[in-house]
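Chain by chain, the residues run as shown.
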Amino acid sequence: MSTSTTSVAIEARGLTRTFKGGVEAVRGIDLTINSGEVFGFLGPNGAGKTTTVRMLCTLLPLSGGAATVAGVDVVGKAAEVRRRIGVALQEIGLDPIQTGRELLELQCGLYGLRGGEVVERAKALLELVGLTDAADRRTKTYSGGMKRRLDLASALVHSPTVLFLDEPTTGLDPASRLTIWDEVRRINGDGTTVFLTTQYLEEADQLCDRIAIIDDGKIVASGTPEALKSELGHDVVSLTLDGGGADAVQSALAQLPGLERIASERDKLALYVEDGAGSIAEIVRGSDLRLASDPRRCLPARDRTAA
Amino acid sequence: MPEATIPTLFIPLFFLAVNIGQVSRTFPSSTPFLHGQGYVAFQLPVSLMFAVATATTGLAIVTEIDVGYFDKLLVAPIARSSIILGRLAADFVRCLAAAFLVLMVGLAFGARVHAGIPGAVLLVVMSASFGTAYAGLAVLVALKTRNVQTTQASFIVFFPLLFLTPNFVPLDRLTSLMRTLAHINPVTYVLQSIRSLILRGWVLSDLWPGILVIILTGVVLTGLCVRAIETYDR
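Calculation notes
- Residues numbered from 1 in each chain as written.
- Chains lettered and ligands numbered in written order.
- Predicted model: local features only at pLDDT ≥ 70, side-chain atom pairs only at ≥ 80, totals over all residues.
- Pairing = 2+ DSSP bridges.
- Helix = DSSP H or I, 4+ residues; strand = E, 2+ residues; numbered from the N terminus.
- Expected span 1.5 Å × (residues − 1).
- Bend = angle between axes of the 7 residues up to and from the residue.
- Contact = placed C-beta atoms within 7 Å.
- Nonpolar A, V, L, I, M, F, W, Y, C, P; charged D, E, K, R; others polar.
- Domains from an automatic or database assignment.
- Axes fitted to C-alpha atoms, helices over the stretch in contact; angles between N-to-C directions.
- Parallel < 35°, antiparallel > 145°, perpendicular 65-115°, else oblique.
- Left-handed = near helix turned anticlockwise from the far one by under 90°.
- Buried ≥ 20, exposed ≤ 12 C-beta atoms within 10 Å, placed from the backbone.

**Some details on the pairing of strand S1 (residues 8-18) of chain A**
All names here are of chain A.
Here is step 1: Here eight bridges tie S1 to strand S2 (residues 24-34), and the two strands are oriented antiparallel to one another. Opposite Arg17, over in S2, you have Val26 as the bridge partner.
Here is step 2: The antiparallel pairing of S1 with S2 creates a hairpin that spans five residues between the two strands, and Gly21 there sits at a positive phi of about 90°.

This is the structure in structure tokens:
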């Protein structure tokens, strides 16, 4: 995760896609992704993630707006964009009767590598994604995780400057997911800008320098994972008070560090704080509370909610 | 690939065997339109057409669309037309093998190519060229519908094309309706060209209509396929 240079890898302005029948899948997206970043596009199914990726990869024409990838216009110079990008789409594009090695060697050929280069590159990539032992087996015998890794390798044959990964871990077991994360970090460590889409908050948080959240074809929030979490998420510490006195406690806690607001309802108080766990000692001390013996009534309920 | 070629040979060889078995006593070699050969020589071109005209290439492409491999090809920095032309080139090789094998079976059943070895080579090349040209139909269906079942079903189109021809008897023996349909069916001319090489030898007036049909079919269907892939998702 490095941002060694500040040049722009992907830029989109007013990106729009309307499908036949008037379905507006993407409705005016602006993006600026710097070289060397891992950028995450987070959103539920049908939010417009794949449509956006397909437009940036030159697979779908734009209905409106403009975009450059690796400094090249995706509409005017699609062929040039294709030379500079690697793409691993949601549907894993593998020919079931090819072996992993054959598939990578063919892929090398499609990207203009020749002769000895092809053999060397395929071998190096098989090693990179840990498929050397399975290299000469047909891909139909591969597990889901192995297929993903091979697909990832096939997107890297020409050392692209920008790598697009559309839901790279959807459908994978937790161990395979961690392996893919490691691969993505390693690829990014070599300087490749990575644009990935995901449905998983955790994945975006773990991998990405910056995230945009897309819903219904529009970006609804963007920033670093930390900034987004502090902007959108609170910890809520809820207190249940025996015998009332809510007003007194409320005024006693007004100066609590990191407190955003307090909501009160009869004998209950909800404290919205930045760091719930870190605030508990301060809350107990500041409000002079004595914890009740019933654990349900003294433990602060910790919750994370969207604002 | 043998596993792609052998199943497509079953139907033409089965038809050849059944037709010869059932009809050869009705049309002995003294029948004028057989030019002294057995009925197998007359039926051989039908089997050749059957063997080469398949939806195999269209099915290969629609399967690639289905599993997502097609997107990988589209996003590669290659001319999109090369995806189609590469597939058709592979189909041509498969068709050459299929036509050669069917010809060998025909020869084993006693047919002889009157135009000699060069004629035999030409009829194999013509059959393969026709098969490759015709393959464009299923490719077109694959690119337009992106549906495996529809692409598979497009094979059915070849039944009327092959059987509304002078396939069992010469053109002048057909009823007037069948003769009219055969006249407007381009496959008739390919069939007659190949049949002429087998039964009569080098008769140019029989040959050129078939060759023309093959070229036109190839230019039109391949052209439409290239346009379909250039405008895919556009």
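**A look at helix H2 (residues 39-52) of chain B**
Here is step 1: Relative to the 20 Å expected for 14 residues at 1.5 Å per residue, H2(B) spans 21 Å between its end C-alpha atoms, a close match to the ideal helical length.
Here is step 2: When the local axis directions of H2(B) are compared, the greatest deviation, roughly 25°, occurs at Pro45(B).

**With respect to the interface of chain B and chain A**
How big an interface is tends to be expressed through the accessible area that disappears when the partners come together.
Here is step 1: On the chain A side, the residues contacting the 12 residues of chain B number 17 residues.
Here is step 2: Broken down by element, the residue count for the side of chain B that touches chain A peaks at four residues, all from helix H4 (residues 69-74) of chain B.
Here is step 3: Class assignment of the residues belonging to the side of chain B that touches chain A gives a composition of seven nonpolar, one polar and four charged.

**Brief notes about the domain arrangement of chain A**
Here is step 1: For chain A, the domain assignment lists domain 1 (8-223) and domain 2 (234-306).
Here is step 2: Centre-to-centre, using C-alpha coordinates, domain 1 of chain A lies 45 Å away from domain 2 of chain A.

**A few points about the packing of H2(B) against helix H6 (residues 116-145) of chain B**
Residue and element names in this part refer to chain B.
Here is step 1: Packing of H2 against H6 leaves a shortest axis separation of 8 Å and a crossing angle of 40°. In terms of orientation, H2 and H6 fall into the oblique class. Seen from above, H2 lies across H6 with right-handed handedness. Contacts between H2 and H6 involve Leu48, Met49 and Val52 from the former and Ser127, Ala128, Phe130 and Gly131 from the latter.
Here is step 2: Of the residues belonging to the contact of H2 with H6, the class tally is five nonpolar, two polar and no charged.

**Structural notes on the sheet that holds strand S3 (residues 38-42) of chain A**
Residue and element names in this part refer to chain A.
Here is step 1: The six strands are arranged S6-S7-S8-S3-S9-S10 in an open sheet whose pairing can be described as mixed. Among the strands making up the open sheet, the edge pair consists of strand S6 (85-88) and strand S10 (218-223). Strand-to-strand, the axes of this sheet are offset by a mean angle of 15°, without reference to chain direction.
Here is step 2: Alignment of S6 against strand S7 (residues 162-166), held across four bridges, turns out to be parallel. Bridge assignment links Val87 to a residue of S7, and that residue is Phe164.
Here is step 3: In the packing of helix H1 (residues 49-56) onto the sheet, the strands contacted are S3, S7, strand S8 (193-198) and strand S9 (210-215), and the crossing angle to S7 comes to about 150°.

**Focus: the sheet that holds S2(A)**
All names here are of chain A.
Here is step 1: Strand order in the open sheet formed by four strands is S2-S1-S4-S5, with antiparallel pairing between adjacent strands. Two strands lie at the open edges of the sheet, namely S2 and strand S5 (72-73), each paired on one side alone.
Here is step 2: Of the strand pairs in this sheet, S1 and strand S4 (residues 64-69) are connected by five bridges, and their pairing is antiparallel. Within the sheet, the bridge partner assigned to Glu11 lies in S4 and is Thr68.

**Thoughts on the environment of Leu16(B)**
Residues and elements named next belong to chain B.
Here is step 1: Along the chain, Leu16 falls in helix H1 (residues 2-23).
Here is step 2: You can call Leu16 buried: it has 23 C-beta atoms within 10 Å.
Here is step 3: Taking C-alpha positions, Leu16 is 7.1 Å from Leu44, a pair spaced 28 residues apart along the chain.
Here is step 4: Setting aside chain neighbours within four positions, we find Leu16 in contact with Gln43, Ser47 and Val105.

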